[in-house]
Amino acid sequence: MVCIAAFIILCLMSVIVAFLSIFRRDIGKRWWKTFKKAWGCVGKRLTLQKCETGFKEDIKNSILSKVIVKKPKLVKPISVGIEVVAVLIVLVTVWSLVEGAKAGLALWSLGTCNVQRPEACSLSAEVCSIDGDSGPKNPIEAIGYWFSDWGEIFSAIPDKFRDWDNAQLDLRGIMVHANVDKNAKSAIDIFDPGCSVCLQSYRAQKETGFFNEYNVLLVPFPIQNGDGEFKYKNSKMIVEYVMASVYQGNPETYSGAVSPALDIIDRIFMEKDEDHKSYQKLFNDYYSAEEAEEKIKSWLVEFGYSEAEVGEIESRAKSSEIAEIIAKNNDIVVNNIHAKGIPTMIYEGGKHTGAYKQ
Amino acid sequence: MSDFDYLAADDIYLDSACQSLRPRPVIDALNRYYTEHNSCGERVKYAWGRKTDELVEDTRDALLKFLKLKSRDYFVSFTLNTTYGINLLLQQLKPGLFKKVMTSDIEHNSPFLATMTFAKKAGIPRELMIRERDGSINLSNYDFKKALVVVNCASNIDGRKLLNLKDLVKTVHKQGGVIIIDAAQAMAHSSDILEKTEADAICGSAHKVYGPSLGFMIVRRDLLPKIETSFIGGGMVDDVDKEKYQLSAESPNHVYTKFESGLQAWGEIIAFGESLKWLEKRTKADKKNLADCSQRLFDFLKSQPRVHLLNEEANPTMSFYIDGLDSHMLGQALSNEGIMARTGYFCVHYYLDHVRHYPPLIRFSFGYHIRPSDIDKTINVLERILG
Ligand SMILES: Cc1ncc(COP(=O)(O)O)c(C=O)c1O
């Protein structure tokens, strides 16, 4: 046990010494000699040869030799202490290796290394995360979360080998109609109007011609965290109005090209008000619920609906019908696509999380 | 002792079996060579060189005299150390002359390994003889017919001596064998066992005999026909033609050049002569002090229930381990107290580790520099450790 612990310490210290040598060659050189011997021993042990004193003994001996003459009674407890520390180091290391593996696997399968708080993962692409609930309240719960994370990770692994087919997903949303070629490949783009990464992504898609290359279905998705809260306060309302507008154009499918719906999204992502504040920011941080709704309604008029039609859209937006459509979309995004953050896009048979990059 | 006046009161050097502390006269002789007659021996005619040659000759003579050997029968060559000497012999002995090679179980790695490679090279078996607790070999157990025997005559574990060395040499010779003695440990305090020996060669290290870092070989002249020179170069030839050479060793006066390839450590050789002189001057009181110190520490170690002492009797070289305490750790702890002792298996891995399965050991080995106060302090520290 001490042997493995010593190996770990040796690895860490070698890195430190290597770093130190950059600044203080003399100190580095002195330590390097010790490490070279220790590493030689590691090599020998790995090939099952003998080594008279290794790094493990060196550490243990140098500690014990300092106390044995003055306080021989302490040798036993200190020896035990060293062994205990060694066991702890091994446990911590095994733990961190498992955590590392978990994070790596999660990054690969779910696109984030932090299952509960995807935004907190600095290794993944930037996303607006769909967080879990407020997290464990006690160690027992933490263990439960730990295992449920693994469950999520493993259930997402098949996604990596899945050939994503838009038709099978059966999501509702706005068809972007910029594409002239009707035979172009299709794509799905799940976004939240309040999500800043979605804004970047949308802008990038426009700039690089993503909407010309694919038949894109924009799926508005108000991010709701595990505890039921909406991440961006006005997103739910905006999505309801957008989906109600989509219905106005495509009552059978709730899916298709409806320019006012697209115009709302486009304005939120692309435009600013007279004070040069982006609409996304205004909806997220400045408008009250009433102001926000009034704004959307005024835009719908501006984009060509009559007052009566806007009234119809408003009542549909608040209907259980639209609520169900949104809930169904939500279920597909979370439980079928296993999106941990958005934007999440599906194109060329693959799932892509984070802002669009060409 | 004033010859070790440089040794501080709190420096306790207990590793003489590896290297003795050098007395002042030896250090002075070495310095004199460097400061007064630094020169290439054996090659030059100028005054400094002649002085060097003279003193080197004195050392060769002194060494033979030290072991009461006749220059008619033996010559002395110098080399790096015991290990090198043994290898020089084994690498150049004609392998076809032997039916087997024999050594003993308690040997230092230097004969232990060299006999392995010899057996392999010659394609002959290697036999390990068991050393009795008193160090002797039960001769009736072995057949020495055409055997090459390489054994120590004093062990570096506990100083036990090859008590029946004389009989062994006689028996080996009678059965047509050759015997080489590893005298590394015997020379300093047990050289009497080698006096007037008839062994074919004796290898030793000056650095274990109060001398400078140097090896020596004492070789019987009649062994030479069995040697096939293959380590060769400057300092060994009288004449060289395009494809052949004439060895200086062919002349009886320069026979020692047989093993001395290249420039030798003249200063060290000369200082070694001084150490032999110094050693012969040890008084009864010096010897008694060494024996008393050894006995006191032996008695102390023997009385401690947790101490496993390998020695059967007191000797300036003692090895032991303490139940439940790692010897390397203890070595460091002793070192923190100024006590310098060897830990581990002292190059006797086979016997100590693989035959006896001992844990790493601690070895105390004394020389004439030892002071009663060193023993007081060592016992005191060990008492504290043992609780
Ligand atoms: C019995 C014995 N043989 C051989 C040797 C090797 O001596 P050197 O290292 O001087 O070659 C030693 C050294 O400790 C020894 O004790």
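What counts and what doesn't
- Residues numbered from 1 in each chain as written.
- Chains lettered and ligands numbered in written order.
- Predicted model: local features only at pLDDT ≥ 70, side-chain atom pairs only at ≥ 80, totals over all residues.
- Heavy atoms only, no water.
- Patch = residues over 30% accessible without salt bridge, like charges linked within 9 Å, V, L, I, M, F, W, Y side chains within 5 Å.
- Areas by Shrake-Rupley, 256 points an atom, 1.4 Å probe, with all protein chains shown as cover.
- Salt bridge = Lys/Arg side-chain N within 4 Å of Asp/Glu carboxyl O.
- Lys, Arg positive; Asp, Glu negative; His and termini not counted.
- Charge placed at Lys NZ, Arg CZ, Asp CG, Glu CD.
- Buried < 20%, exposed > 50% of the residue type's maximum accessible area, 1.4 Å probe, protein only.
- Core = buried A, V, L, I, M, F, W, Y, C linked by side-chain atoms within 4.5 Å.
- Helix = DSSP H or I, 4+ residues; strand = E, 2+ residues; numbered from the N terminus.
- Contact = heavy atoms within 4.5 Å.
- Buried area = accessible area lost by both parts, 1.4 Å probe.
- Polar contact = N/O pair within 3.5 Å; in protein donor to acceptor, adjacent residues only side chain to side chain.
- Domains from an automatic or database assignment.
- Near = heavy atom within 4 Å.
- Nonpolar A, V, L, I, M, F, W, Y, C, P; charged D, E, K, R; others polar.

> Explain a positive patch on the surface here, please?
A cluster of basic side chains, namely Lys70, Lys166, Lys170, Lys174 and Lys196 of chain B, defines a positive patch on the protein surface. Lys196 of chain B sits in the exposed class, given a relative accessible area of 57%.

> What exactly am I supposed to notice about the nonpolar core here?
For soluble globular proteins, the rule of thumb is that nonpolar side chains tend to be buried together. Within the largest apolar cluster, 88 residues are counted, with the highest numbers of intra-cluster contacts made by Phe144, Leu194, Ile218 and Phe366 of chain B. The greatest single-element share of this core, amounting to 7 residues, is contributed by helix 7 (residues 266-280) of chain B. Formed by 68 residues, the second largest nonpolar core is a distinct cluster that contains Leu171, Val246, Phe303 and Ile346 of chain A.

> Explanation requested: the pattern of salt bridges in the structure shown.
Pairing between side chains of opposite charge can happen when their charged atoms approach one another. Within the structure shown, the criterion is met by 35 salt bridges over all chains. The partner of Glu42 of chain B in a salt bridge is Arg60 of chain B, with the nearest N and O atoms 3.7 Å apart. With a gap of 18 residues between them, Glu42 of chain B in the loop between helix 1 (24-36) and helix 2 (47-66) and Arg60 of chain B in helix 2 connect regions that are remote in the sequence. We classify Glu42 of chain B as partly exposed; its relative accessible area is 31%. Residue class for Arg60 of chain B comes out buried when judged on its relative accessible area of 3%. For Lys244 of chain B, the salt bridge identified is with Asp241 of chain B, shortest N-O distance 4.0 Å. Taken together, the salt bridges that share partners define one network made up of Glu293, Glu294, Lys297, Glu314 and Lys318 of chain A.

> How should the interface of chain A and chain B be read in this particular structure?
A common way to express how large an interface is: the accessible area buried when the components associate. At the interface, 14 residues of chain A touch 17 residues of chain B. Of the roughly 1,200 Å² buried between chain A and chain B, counting both surfaces, carbon and sulfur atoms make up 57%. Where chain A meets chain B, there are 1 salt bridge. Between Glu337 of chain B and Lys70 of chain A there is a salt bridge; the shortest N-O distance is 3.9 Å. Inspection of the chain A/chain B interface yields 3 residue pairs in polar contact (both at pLDDT 80 or more).

> Help me out: how do you make sense of the domain arrangement of chain B in this one?
Residue and element names in this part refer to chain B. Per the domain assignment, the segments of chain B are domain 1 (2-23 + 283-386) and domain 2 (37-279). Centre-to-centre, using C-alpha coordinates, domain 1 lies 29 Å away from domain 2. Taken together, the 29 residues of domain 1 in the interface contact 24 residues of domain 2. Buried area between domain 1 and domain 2, both sides added, is near 2,200 Å², and the carbon and sulfur share of it is 52%. Area buried by domain 1 at its contact with domain 2 is led by Tyr350, Tyr351 and Tyr368, which between them contribute 23% of it. Here domain 1 and domain 2 share 1 salt bridge between them. Across the pair Glu312 and Arg133 runs a salt bridge, and its minimum N-O distance is 3.1 Å.

> When you look at the site of the ligand in this model, what are you seeing that I'm missing?
Residue and element names in this part refer to chain B. Close contacts around the ligand come from Asn81, Thr82, Thr83, His108, Ser110, Asn156, Asp182, Ala184, Gln185, Ser205, His207 and Lys208, and that covers them all. Within the side chain of Asn81, a nitrogen or oxygen atom sits 3.4 Å from an oxygen atom of the ligand. One nitrogen or oxygen atom from the side chain of Lys208 is found 2.8 Å from an oxygen atom belonging to the ligand. When isolated, the ligand has an accessible area of 390 Å², and the protein chains bury 90% of it. Looking at the shell around the ligand residue by residue, the classes come out as 1 nonpolar, 9 polar and 2 charged.

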